[in-house]
Protein chains: 2
Amino acid sequence: MTAQDQGIKVLIIGAAGMIGRKLTARLLSDGRIGNESLASLILADIVMPEQPRSGLAIDTIATDLAAPGAAAALVAHRPDLIFHLAAIVSGEAEADFDKGYRINLDGTRLLFEAIRNAAEPYRPRLVFTSSIAVFGAPFPEAIGDDFLAAPLTSYGTQKAIGELLLSDYSRRGIFDGIGIRLPTICVRPGAPNKAASGFFSSIIREPLVGKEAVLPVGEDVRHSHASPRAAVAFLIHAATIDLARLGTRRNLSMPGLSVTVAEEIEALRRAAGEGAVRLIRREPDPVIARIVEGWPRAFTAERAAALGFTAENSFDEIVRIHIEDELGGRVGA
Amino acid sequence: MTAQDQGIKVLIIGAAGMIGRKLTARLLSDGRIGNESLASLILADIVMPEQPRSGLAIDTIATDLAAPGAAAALVAHRPDLIFHLAAIVSGEAEADFDKGYRINLDGTRLLFEAIRNAAEPYRPRLVFTSSIAVFGAPFPEAIGDDFLAAPLTSYGTQKAIGELLLSDYSRRGIFDGIGIRLPTICVRPGAPNKAASGFFSSIIREPLVGKEAVLPVGEDVRHSHASPRAAVAFLIHAATIDLARLGTRRNLSMPGLSVTVAEEIEALRRAAGEGAVRLIRREPDPVIARIVEGWPRAFTAERAAALGFTAENSFDEIVRIHIEDELGGRVGA
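Residues numbered from 1 in each chain as written. Chains lettered and ligands numbered in written order. Predicted model: local features only at pLDDT ≥ 70, side-chain atom pairs only at ≥ 80, totals over all residues.

Considerations on the overall build of chain A
Using the following cut-off: What counts as a helix is a DSSP run of H or I of at least four residues, what counts as a strand is a run of E of at least two, and both are numbered from the N terminus. Here the globule rule is a power law, 2.2 Å times the number of residues to the power 0.38, and the radius of gyration is based on C-alpha atoms. Residues with at least 20 neighbouring C-beta atoms inside 10 Å of their own are called buried, those with 12 or fewer are called exposed, and the rest are partly exposed, where every C-beta is derived from the backbone.
Each helix and strand in chain A was counted, giving 11 helices and 13 strands. Relative to the globule expectation of 20 Å for 333 residues, the C-alpha radius of gyration of chain A, 20 Å, shows essentially globular dimensions. For chain A, the C-alpha atoms occupy an extent of roughly 60 × 45 × 35 Å along the three principal directions. The buried share of chain A, taken over its 333 residues, is 47%.

The structure is reproduced here in structure tokens:
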């Protein structure tokens with residue numbers, strides 16, 4: 001940051017979602033991002049994002065990214081840094097073909113095109129949240145950085161296409177982009193939902209507040225996780241590192257902690273005792289078990305590690321972060 | 001084929017190109033494809049395809065696939081089998097960003113959407129020509145079937161996106177698709193062109209008719225090739241095999257013959273003697289050498305081999321095919 005620096009303008013698209021809200025809170029709390037001070041913030045989502053209490057200039061915008069002119073209107077603010085987190089989630093993109101392609105593919109492309117068509121000189125940093133859903137079984141025990149994207153859902157397909165576009169637009173100097181594939185976020189705060197991956201979080205989150213949780217799969221199921229706090233740290237890190245170090249491959253798998261359900265439960269026991277563990281009710285669900293079988297279990301994430309991205313080292317840490325960030329440090333009903 | 005079978009209707013999009021013309025000739029010569037008789041042929045391209053002399057019902061159509069309604073008009077013929085070969089080639093897609101995306105991405109997607117929106121029941125076989133341009137350096141000595149698509153050109157990006165869409169639309173049962181990544185076609189007939197890969201063909205094609213050819217790279221350069229005849233055979237094979245054998249991964253690298261330029265030249269010597277070899281003029285071009293360095297040298301193509309796709313086993317065979325198919329079997333000026 002130079003003496004003349006006025007700070008940077010940051011746009012978050014998808015600001016009303018869980019990660020968007022946590023990213024907003026972190027940016028406002030830090031007042032800076034990397035070596036840059038935060039000058040202003042534009043929070044956009046399909047629903048109006050909450051207006052944070054802050055001395056900073058903050059615009060909140062409800063907009064449909066795929067509507068004509070919407071992306072150009074956002075880019076007209078000329079943000080120096082854009083977080084593109086907006087997406088129709090996996091289940092909905094699978095159920096509604098048109099809606100998923102419209103938002104996840106067309107919305108992303110319209111955003112990229114709006115940047116391309118903005119008045120020169122303009123070359124913002126763009127951080128895109130991709131997903132491990134770009135990978136589809138069969139795959140090795142740990143997925144390496146050279147492994148093909150062969151998604152088994154429309155959501156994964158749309159994210160993989162977003163990655164390809166991001167690399168090409170970056171290669172052409174239209175923006176300076178990075179795509180980060182988030183692992184499954186755990187412990188996900190909020191109410192239990194119908195996502196097939198929901199149990200990874202609910203078997204921790206619910207017992208910690210004295211509520212019952214359902215475990216639909218065996219304890220030997222292995223999966224890769226990062227806390228919401230780690231996910232926000234990935235985004236901030238992606239926004240601040242020198243992207244020349246990425247070379248032409250602009251998308252990478254984030255590190256995660258690969259653990260079994262049994263290891264999750266042991267961490268819960270250490271944090272909250274046997275009473276909490278007894279609140280996990282086994283209710284095998286062959287449908288969920290089959291879905292989860294098709295998911296990656298681990299990532300080598302060597303490129304991400306070399307670039308300084310880090311996730312939690314133990315599930316105890318993931319549980320502790322949930323207790324700190326969501327429960328005010330208190331455990332128990 | 002049952003007794004009631006009326007034969008199949010075949011649509012070739014990109015019928016005026018080199019591969020399209022050879023595919024048309026082969027289909028008309030065979031009068032059938034696999035176990036099916038050929039009922040009729042629709043030849044479409046951006047320029048009006050030549051009307052072949054044939055007793056068969058053949059429509060020729062000049063159409064811009066990316067224009068509104070164009071794809072739907074083609075699909076309205078309700079072809080049982082669609083070859084989608086149309087593309088803006090690599091150099092032009094790199095020079096004209098909008099044109100490349102418009103034809104290679106939007107045109108392909110509009111075709112897929114037209115099939116999705118056609119009156120039920122309709123689920124044609126769709127054969128899409130992808131390209132080894134979906135791969136970008138660095139890569140291993142031989143690229144395996146699990147290697148990531150990380151293209152270094154807009155053309156490669158557009159082809160990789162076409163592959164992803166093809167897999168997703170096939171997974172959803174909209175059509176029964178297969179994407180085949182063609183290796184560099186050699187010996188490519190016709191006049192020398194400005195493609196960086198042109199010399200692989202011209203150092204054979206030109207000396208065989210007593211003309212000089214320029215070799216811009218060293219003789220140790222290794223690359224993977226298949227003849228035009230093999231490329232047409234790939235397309236026919238892709239149109240006739242049981243695609244359930246592909247599983248969910250609908251795109252695959254075709255086999256090729258991986259040879260060095262020195263091996264090419266030795267085959268030319270065996271076919272046409274020392275006089276022909278002396279017509280190759282060494283004129284090192286560092287720009288072309290650098291481009292070619294970024295290209296794949298070989299593919300394992302194990303999946304393709306298991307599915308029965310075969311390329312030439314020797315460069316002598318590639319030279320012989322050129323002499324048979326383009327020179328009426330005669331060598332010399």
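What follows picks up the thread again.
Examining the interface of chain B and chain A
Note the following rule: Two residues qualify as a contact pair if the distance between their C-beta atoms, derived from the backbone, is within 7 Å. Basically, the charged four are Asp, Glu, Lys and Arg, the nonpolar ten are Ala, Val, Leu, Ile, Met, Phe, Trp, Tyr, Cys and Pro, and anything else, Gly included, counts as polar.
Taken together, the contacts link 15 residues of chain B with 15 residues of chain A. Of the residues contributing to the side of chain B that touches chain A, the split by class is eight nonpolar, four polar and three charged.

A word on helix α1 (residues 18–30) of chain B
Residues and elements named next belong to chain B. Our working definition: A helix's residues, less one, multiplied by 1.5 Å, set its expected span.
Its 13 residues give α1 an end-to-end C-alpha distance of 18 Å, which sits within 8% of 18 Å, the value for a rise of 1.5 Å per residue. Inspection of α1 places I19, G20, R21, L23, T24 and L27 among the buried residues, and these make up the whole buried set. Buried-residue contacts for α1 involve β1 (8–13), β2 (32–33), β3 (36–45), β5 (81–84) and α7 (228–240). Downstream of α1 by one or two residues, G31 has phi in the positive range, about 70°.

Side note on the relation of the copies chain B and chain A
Worth spelling out the cut-off: Least squares is the method used to superpose the copies, on C-alpha atoms of residues holding a pLDDT of at least 70 in both.
Superposing chain B onto chain A takes a rotation of 180° plus a shift of 0.0 Å along the axis, which leaves an RMSD of 0.0 Å. The transformation just described matches what one would write down for a two-fold rotation axis. Distance from the rotation axis, computed per C-alpha, reaches its smallest value in chain B at B:L148: 1.9 Å. Most of the interface of chain B is mirrored in chain A, where 100% of its interface residues again form contacts.

Comments concerning the sheet that holds strand β12 (residues 257–260) of chain B
All names here are of chain B. The condition is simple: Here, any two strands with at least 2 DSSP bridges between them count as paired.
The strand order across the open sheet formed by three strands is β8-β10-β12, and the pairing between neighbours is mixed. The sheet is open, and its two edges are formed by β8 (184–185) and β12, each paired on a single side. Examined bridge by bridge, β8 and strand β10 (residues 222–226) share two bridges and lie parallel to one another. Each residue of the ladder has a partner; that of T184, found in β10, is H225.

Quick notes on unusual backbone geometry
All names here are of chain B. In this chain, E120 is followed by P121 through a cis amide linkage whose omega measures -10°. Looking at the element boundaries, P121 is found in the loop between α4 (97–116) and β6 (125–131). A positive phi angle is found at R78, which is not glycine, with a value near 55°. Within the secondary structure layout, R78 lies in the loop between α2 (70–75) and β5. Given 13 C-beta atoms within a 10 Å radius, R78 is considered partly exposed. For A301, which is not glycine, the phi torsion reads 50° and is therefore positive.

A look at helix α8 (residues 261–277) of chain A
Residue and element names in this part refer to chain A. As a reminder, the rule being used: In this analysis the local bend is the angle between axes fitted, respectively, to the seven residues ending at and the seven residues starting at the residue.
With 17 residues, α8 extends only 12 Å from end C-alpha to end C-alpha; this falls clearly short of the ideal 24 Å at 1.5 Å per step. Along α8, the sharpest kink reaches roughly 110°, centred on A271. All of the buried residues in α8 are V261, E264, L268, A272 and A276. If you follow the buried residues of α8, they end up packed against α6 (198–208), β9 (213–215), β12 (257–260) and α11 (315–326).

Describing the domain arrangement of chain A
In many analyses, interface size is given as the accessible surface area lost on bringing the parts together. Residues and elements named next belong to chain A. Our working definition: The split of the chain into domains comes from an automatic or database domain assignment.
Each assigned domain of chain A is listed with its residue range as follows: domain 1 (8–183 + 228–253) and domain 2 (198–224 + 257–326). The C-alpha centroid of domain 2 is placed 26 Å from the C-alpha centroid of domain 1. Taken together, the contact pairs 19 residues of domain 1 with 18 residues of domain 2. Elements with a contribution of two residues or more to the side of domain 1 that touches domain 2: α7 (228–240) and β11 (251–253).

A look at the nonpolar core
Put simply, the rule is: Defined on buried residues, the nonpolar core groups Ala, Val, Leu, Ile, Met, Phe, Trp, Tyr and Cys residues joined through C-beta atoms within 7 Å.
Counting residues in hydrophobic clusters, the biggest one holds 200 residues, and the most contacted among them are A:I12, A:I13, B:I12 and B:I13. Residues lining this core come from more than one domain, with at least three contributed by each of domain 1 (8–183 + 228–253) and domain 2 (198–224 + 257–326) of chain A. B:I13 has contacts with B:A44, B:L65, B:L74, B:I82, B:F83, B:H84, B:L85 and B:A86, leaving out every residue within four places of it along the chain.

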